[in-house]
Protein chains: 2
Amino acid sequence: MQIPQRNILVLGGGLIGAGWAVAFAGAGYSVSVLDRDAAAAPRLASIWSVGRNVLAQLGALDPEAAAPFVILDYSELPAAPILVQEALPERLELKRAALVELESHIPSDCLIASSSSGLTATVLQEGMLHPDRLFIAHPCNPPYLMPTVELSGGTNTAPEMLGRAEAIYHSLGKTVLHLRREVPGHLINRLQFALWREVVHLAATGVASLADIEMAVMEGLAPRWISTGPSTVFHLAGGEGGLARFLAELGPAVEGCWANLGRPHLDSGTCALLVEGMAEIARGRSPSELAMVRNRAMVAFAQHFERAEVSCNINQTGGED
Amino acid sequence: MQIPQRNILVLGGGLIGAGWAVAFAGAGYSVSVLDRDAAAAPRLASIWSVGRNVLAQLGALDPEAAAPFVILDYSELPAAPILVQEALPERLELKRAALVELESHIPSDCLIASSSSGLTATVLQEGMLHPDRLFIAHPCNPPYLMPTVELSGGTNTAPEMLGRAEAIYHSLGKTVLHLRREVPGHLINRLQFALWREVVHLAATGVASLADIEMAVMEGLAPRWISTGPSTVFHLAGGEGGLARFLAELGPAVEGCWANLGRPHLDSGTCALLVEGMAEIARGRSPSELAMVRNRAMVAFAQHFERAEVSCNINQTGGED
């Protein structure tokens, strides 16, 4: 029998909810998924079957891990959960109604994490009995594979609750990113949309093919960003004077470059060009085949590439630009 | 004795010029570096010593590779080069004067590649005798380690010259990115400045610490972008309908997100905050120590991580969002 402190409840058994359930279950939590849809149980079984394999390859599967299971009603909840991970569709009224119902079935200090990418904790807290324990914990998909979780409290979230939540996500091996202020899109989506805006601009204005732009990121920028983030790149460009020297000498050039970046629109011509470019990138592979490539690559990356402890031996290095 | 078809001349023995010299020499070319500065020879020797070690670890060092050497004058040029890689400081008049002098010493069909990040081939071609063989070949630093080269012709560049150049960069193992139109910053710099603008906005408006934003890229986005570029991410978000479905359903949301991205300024307060955040990221490591971390990570990545041929075994995958 599981001890009560290890119980997790997931609201919604869609892709994100099921992915969360696999992440928690793989780490040894007892996980129930509340979903009244008949498709939920087979989907959860299928994602557990894939996900536990991934976690095993990552060396992150608890030997005592038990499969997550679907429940149809709160009466089936085996014990009081320590955390509820809400992963319902992105509709405010639906989420609010579910939160009201939820609060009547769980202890007042049970953590409630919303997976929402578009809503804020402050908005979701309205009308709650105990809003202090609600916050956003936004994963990348699939949650059992992707390493980051964005944690964002609302106006009424108690810092102590965020601390308890962080410890739980750390126990899944996640990197927790802390938002000090609520913004739509949190960090990850804003950053990838900022990059993609210039991708679309460069493709739409005929500067390069979408495939070559994709390669510029996949083979040029991304391998460097793994060890040298977007600010550190410019820190190194300043030589031993670092970012301070870079900003002093090249700050105006950076602002000039920013002013020159594109502001594209997704009109029908641009959309057609993007879809055509994407077909060239996909080379006949379906989205699910490409997702498999990504999953294999993420696992291989985690297995073989230890950023902090790379073992090859380079004794010195040249300067930077 | 080297055969003449393997001779390369590099103009300028600074960090980029010396790095190019190492890249060409490591691949078996006979490389001379024209630089009248007394510091050029020891710098070249030092960068060769580091760079050949890196190339050996990458399995990319020609067994017959000979060290590149500095020459002080065209009279010392051992044979006619097939390609001149210009890597002089980013000053138009200086580059133009060097190109005029250069043309009187080389055959009319010798390729001339400028490493410029800020000038265009069309501007550099003005006043040349044979402008058809001049183009931009922009590396990332250091050129012997970073995998991409951006190739950008000007108004007068002959396509045949670009074809010959591409074959030479391929012989160095480089990924060639083709610009169809000249733009300041080419692809790589524009893309990284687009991402960095939002990084600066998020830090400057207090949404998260610079260190947490750096982590969002290093641990969240970059590992995924290695196998799944910035457009493919949204292709997968469309499920089996791919990018077309994503754009149809979420195009307006993407444009809304774009409109909400920041437009920061590098005022003194923002610069101070960035420098402070960078100190937290660096954790006492100097820029040259961080550059060593990056070099080791790039080598480890190239050695261990084969994007196209990852060997672990995941049989299926869930869907996407």
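Keep in mind that this is a model prediction, so the values were computed, not measured.

Considering the sheet that holds strand 8 (residues 175-179) of chain A
Residues and elements named next belong to chain A.
And then number 1: Reading across from one edge, 3-2-1-4-5-6-7-8 is the order of the eight strands in this open sheet, with mixed pairing throughout. On the outer flanks of this sheet lie strand 3 (69-71) and strand 8, each paired with one strand and no other. Between one strand axis and the next, the sheet turns by 30° as a mean value, whatever way the strands run.
And then number 2: Inspection of the sheet shows strand 6 (residues 134-139) paired to strand 7 (residues 148-153) by five bridges, in the antiparallel sense. The residue of strand 7 that forms the bridge with Pro139 is Val149.
And then number 3: The strands touched by helix 1 (residues 15-26) within the sheet are strand 1 (7-11), strand 2 (30-34), strand 4 (83-86), strand 6 and strand 7, with strand 2 carrying the most contacts at an inclination of about 165°.
And then number 4: In the packing of helix 3 (residues 92-103) onto the sheet, the strands contacted are strand 1, strand 4, strand 5 (111-114) and strand 6, and the crossing angle to strand 5 comes to about 165°.

Some words on the packing of helix 6 (residues 188-204) of chain B against helix 10 (residues 268-282) of chain B
Residue and element names in this part refer to chain B.
And then number 1: Running from N to C, helix 6 and helix 10 point in directions that differ by 95°, and their axes come no closer than 10 Å. With respect to helix 10, the element helix 6 is oriented roughly perpendicular. Taking contact as the criterion, the partners of Trp196, Val200, Ala203 and Ala204 in helix 6 are, on helix 10, Thr270, Leu273 and Leu274.

Structural notes on the sheet that holds strand 3 (residues 69-71) of chain B
Residue and element names in this part refer to chain B.
And then number 1: If you trace the eight strands from one edge of the open sheet to the other, you get 3-2-1-4-5-6-7-8, paired in mixed fashion. Because the sheet does not close on itself, it has two edges, and the strands there are strand 3 and strand 8 (175-179). Pairwise comparison of adjacent strand axes, ignoring direction, gives a mean angle of 30° for this sheet.
And then number 2: Taken together, the five bridges between strand 7 (residues 148-153) and strand 8 define a ladder with parallel strand orientation. The residue bridging Thr148 from the neighbouring strand is Thr175, located in strand 8.

Side note on the interface of chain A and chain B
And then number 1: Facing 121 residues of chain A, the contacting portion of chain B comprises 120 residues.
And then number 2: Our count for the contact surface shared by chain A and chain B stands at two salt bridges.
And then number 3: With its nearest N and O atoms 2.7 Å apart, the salt bridge here joins Arg190 of chain A to Glu198 of chain B.
And then number 4: With 17 residues, helix 7 (residues 210-227) of chain A is the single largest residue contributor to the side of chain A that touches chain B.
And then number 5: Here the residues of the side of chain A that touches chain B are counted per class, giving 68 nonpolar, 36 polar and 17 charged.

About the thresholds
- Residues numbered from 1 in each chain as written.
- Chains lettered and ligands numbered in written order.
- Predicted model: local features only at pLDDT ≥ 70, side-chain atom pairs only at ≥ 80, totals over all residues.
- Heavy atoms only, no water.
- Pairing = 2+ DSSP bridges.
- Helix = DSSP H or I, 4+ residues; strand = E, 2+ residues; numbered from the N terminus.
- Axes fitted to C-alpha atoms, helices over the stretch in contact; angles between N-to-C directions.
- Contact = heavy atoms within 4.5 Å.
- Parallel < 35°, antiparallel > 145°, perpendicular 65-115°, else oblique.
- Salt bridge = Lys/Arg side-chain N within 4 Å of Asp/Glu carboxyl O.
- Nonpolar A, V, L, I, M, F, W, Y, C, P; charged D, E, K, R; others polar.

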